[in-house]
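Structure at a glance
In case you want the letters, here they are:
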Amino acid sequence: MNYEERSRAQVRKLKDQEKVRILSLETSCDETAAAVIENGRTILSNVVFSQIDLHELYGGVVPEIASRAHMEACPRVAAEALEQAGMRLEEIDALAVTCGPGLVGALLTGVNYMKGLAFAADKPLIGVNHIEGHVSANFLTSPELEPPFLCLVVSGGHSHLVEVRDYGEYRLIGQTRDDAAGEAFDKAARVLGLPYPGGPRIDRLAEEGNPEAFSLPKPKTEGRYDYSFSGLKTAFLNLCHQIEQKGEPLPKADLAASFRNAVCTELAEKAERMLRDEAAAGRRPAMALAGGVSANRELRRRFEALCGRMNVPLYMPRIDLCTDNGAMIGSAAYYRLRREETAGLDMNAMPALRLVEDRR
Ligand code: KG4
Ligand code: ZN
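Residues numbered from 1 in each chain as written. Chains lettered and ligands numbered in written order. Predicted model: local features only at pLDDT ≥ 70, side-chain atom pairs only at ≥ 80, totals over all residues. Heavy atoms only, no water.

1. Focus: the overall build of the protein chain
- When helices and strands are counted, the protein chain shows 12 helices and 10 strands.
- The C-alpha atoms of the protein chain give 21 Å as radius of gyration, which agrees with the globular expectation for 360 residues (21 Å, within 12%).
- For the protein chain, the spread of C-alpha atoms along the three principal axes comes to 70 × 50 × 35 Å.
- Within the span of the protein chain, comprising 360 residues, buried residues form 56% of the whole. (Helix = DSSP H or I, 4+ residues; strand = E, 2+ residues; numbered from the N terminus. Rg over C-alpha atoms; globule rule 2.2 N^0.38 Å. Buried < 20%, exposed > 50% of the residue type's maximum accessible area, 1.4 Å probe, protein only.)

Structure below.
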């Protein structure tokens, strides 16, 4: 039997095993992260090595530097995840790694490292979609959550409204037509002279500012549930330049609060429209948030208020599980394993991998 045949046989046996432990690795952007997850729901360890200080100097992620740093960190972070879980590699049932979307070089370092480990240890390997990982962070935080539910996925590269119909089964409801929400936060932060990554900094600064201080244009989109952030971003840049041209100092807290307010309004309003349409059709599905931007305090408050008003249950990942981590990859991998979706040694990095195909 070759590796792939042995892997398939092992996976069939795992389906009857009471406890399935997965060692997972995430290297799609600027975090080298590994975790050990039991049955897709319990975190036995979760180690995140952030490269932020390596990229801060350049104001954003430098792909070459990221790949090199991942290469150095992978063995260390994986070993630490095992150690913190109190397990040896032999006791692990399967391995998982993010295979896309993300930076191609960064993804490749993780994929190649895990392929080597899977072959050497003779363990099944699962390739995980990074966005599916973000959605799955909710399964780690809320043990009672089961599909179907609706999910707003907001990260540095994505702003999607999806229906999670079942584990691994998604329907696209709406998406951004231009920039992602996280990207918009990062660009606005840059104009305010805040260091990378800007989203969390704007969020903190906004807590001290007046969200009504400046009014920004309301984005317009053709799709009923689609988003747009590029007009908002340009209007914000123009506003800041106008203030600077007058020789006045930037009222940073007010600007941050006004920008955050505009982004959160756009995100919440489309979600509200979706929930109202669902209610009109006699459905009251649960709502979840996912991705780095779901750590945003104002966004969390908005959705708490919205879901309270609409009388639908709201699920949000624990703050540290909103941004990139290995635990969410291990959770998503468990449900792929149950469907026997394992990878062969020919698995490649897929930088443009999608969660669901465009409906148009
Ligand atoms: O999900 P994530 O860690 O990586 C991607 O898959 O992209 O998301 C990172 C993005 C960055 O744009 C970052 O600025 C943003 O999430 N972010 C935030 C907050 N925390 C992270 N944006 C707004 N408020 C936050 N608290
Ligand atoms: Zn992410």
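2. Side note on the coordination of the zinc ion (ligand 2)
- The protein atoms that coordinate the zinc ion (ligand 2) are H130 (NE2), H134 (NE2) and D324 (OD), at distances spanning 2.0 to 2.1 Å.
- Angles of 54 to 166° at the metal separate the six donor atoms of the zinc ion (ligand 2), which places the site in the irregular class.
- Between consecutive donor residues of the zinc ion (ligand 2), the sequence gaps follow H-x3-H-x189-D. With H134 in helix α5 (residues 130-141) and D324 in the loop between α11 (319-322) and α12 (327-338), the pair connects residues that are 190 residues apart, well separated along the chain. Both residues of the pair, H134 and D324, belong to the buried class. (Donors = N, O, S within 2.8 Å, 3.2 Å for Na, K, Ca; no water. Tetrahedral: all angles 85-135°; square planar, octahedral: opposite > 155°, others 65-115°.)

3. Here we look at the site of ligand 1
- For ligand 1, the set of nearby residues contains 18 residues, the closest of which are H134, G156, D186, G292 and N296.
- Within the contact set of ligand 1, a nitrogen atom lies 3.0 Å away from a side-chain nitrogen or oxygen of D203.
- In this structure, G292 approaches ligand 1 through a main-chain N or O atom, which is 2.9 Å from an oxygen atom.
- Protein burial of ligand 1: of its 550 Å² of free accessible surface, 88% is covered by the chains.
- Applying the majority rule of atoms within 2 Å of the grid points places ligand 1 in the largest pocket.
- Secondary structure elements with two or more residues in the shell around ligand 1: α5, α6 (181-191) and α7 (198-206).
- The two domains that each donate at least three residues to the shell around ligand 1 are domain 1 (3-137 + 322-338) and domain 2 (148-285). (Near = heavy atom within 4 Å. Polar contact = N/O pair within 3.5 Å; in protein donor to acceptor, adjacent residues only side chain to side chain. Areas by Shrake-Rupley, 256 points an atom, 1.4 Å probe, with all protein chains shown as cover. 1 Å grid on protein atoms, 1.4 Å probe; cavity = no way out; pocket = protein on both sides within 12 Å on 5 of 7 lines; lining within 4 Å. Sits in = over half its atoms within 2 Å of the grid points. Domains from an automatic or database assignment.)

4. Focus on α6
- Three or more residues of α6 are buried, namely A181, G182, A184, F185, A188 and A189. One side of α6 holds all its buried residues, which, seen down the axis, span an arc of 160°.
- Buried positions along α6 lie against β6 (149-154), β7 (159-166), α7, α8 (230-245) and α9 (252-280).
- The positive-phi residue at the C-terminal boundary of α6 is G193, with phi of around 75°. (Arc of directions from axis to C-beta. Contact = heavy atoms within 4.5 Å.)

5. A short note on the packing of aromatic side chains
- Following the criterion strictly, the structure yields nine aromatic pairs and no others.
- Residues F236 and F259 carry aromatic rings whose centres are separated by 4.8 Å and whose planes lie at 50° to one another, so their mutual orientation is tilted. Taken together, the residues F236 in helix α8 and F259 in helix α9 connect sequence positions 23 residues apart.
- Take F236: its relative accessible area is 1%, and that puts it in the buried class.
- Over the ring of F49 we find R76; its NZ or CZ atom is 5.0 Å from the centre of that ring. (Phe/Tyr/Trp six-rings, centres within 6.5 Å; stacked < 30°, edge-to-face > 60°. Lys NZ or Arg CZ within 6 Å of the ring centre and 35° of its normal.)

6. Here's the deal with α7
- Buried within α7 we find G198, G199, I202, D203, L205 and A206.
- Its buried side turned inward, α7 meets α6, α9 and α10 (297-310).

7. Considering empty space enclosed by the protein
- Under the criterion given, the structure shown has two cavities of 30 Å³ or more.
- The calculated volume of the largest cavity comes to roughly 60 Å³.
- As for the largest cavity, its lining consists of E132, S136, F139, V164, D166, Y167, G168, Y170, A332, Y335, R336 and R339.
- Tallied by class, the residues present in the lining of the largest cavity amount to six nonpolar, two polar and four charged.
- Composition of the lining of the largest cavity by domain shows at least three residues from each of domain 1 (3-137 + 322-338) and domain 2 (148-285).
- Within this model, the second largest cavity holds a volume of roughly 40 Å³.
- Looking at the lining of the second largest cavity element by element, the count peaks at three residues for α12.
- Among the residues forming the lining of the second largest cavity, the class breakdown is four nonpolar, no polar and two charged. (Points joined across faces, edges and corners; volume = space filled by probe spheres on them. Nonpolar A, V, L, I, M, F, W, Y, C, P; charged D, E, K, R; others polar.)

8. Overview of the domain arrangement of the protein chain
- When the domains of the protein chain are assigned, the result is domain 1 (3-137 + 322-338) and domain 2 (148-285).
- When each unit is reduced to the centre of its C-alpha atoms, the spacing between domain 1 and domain 2 is 29 Å.
- At the junction of the two partners, domain 1 supplies 15 residues and domain 2 supplies 14 residues.
- Together domain 1 and domain 2 conceal approximately 1100 Å² of surface at their shared face, both sides included; 67% is due to carbon and sulfur atoms.
- At the boundary of domain 1 and domain 2, one finds zero salt bridges.
- Counting the contacts that link domain 1 with domain 2 gives four residue pairs in polar contact (both at pLDDT 80 or more).
- If one sorts the elements of the side of domain 1 that touches domain 2 by residue count, α5 sits on top with four residues.
- When its residues are assigned to classes, the side of domain 1 that touches domain 2 shows seven nonpolar, four polar and four charged. (Buried area = accessible area lost by both parts, 1.4 Å probe. Salt bridge = Lys/Arg side-chain N within 4 Å of Asp/Glu carboxyl O.)

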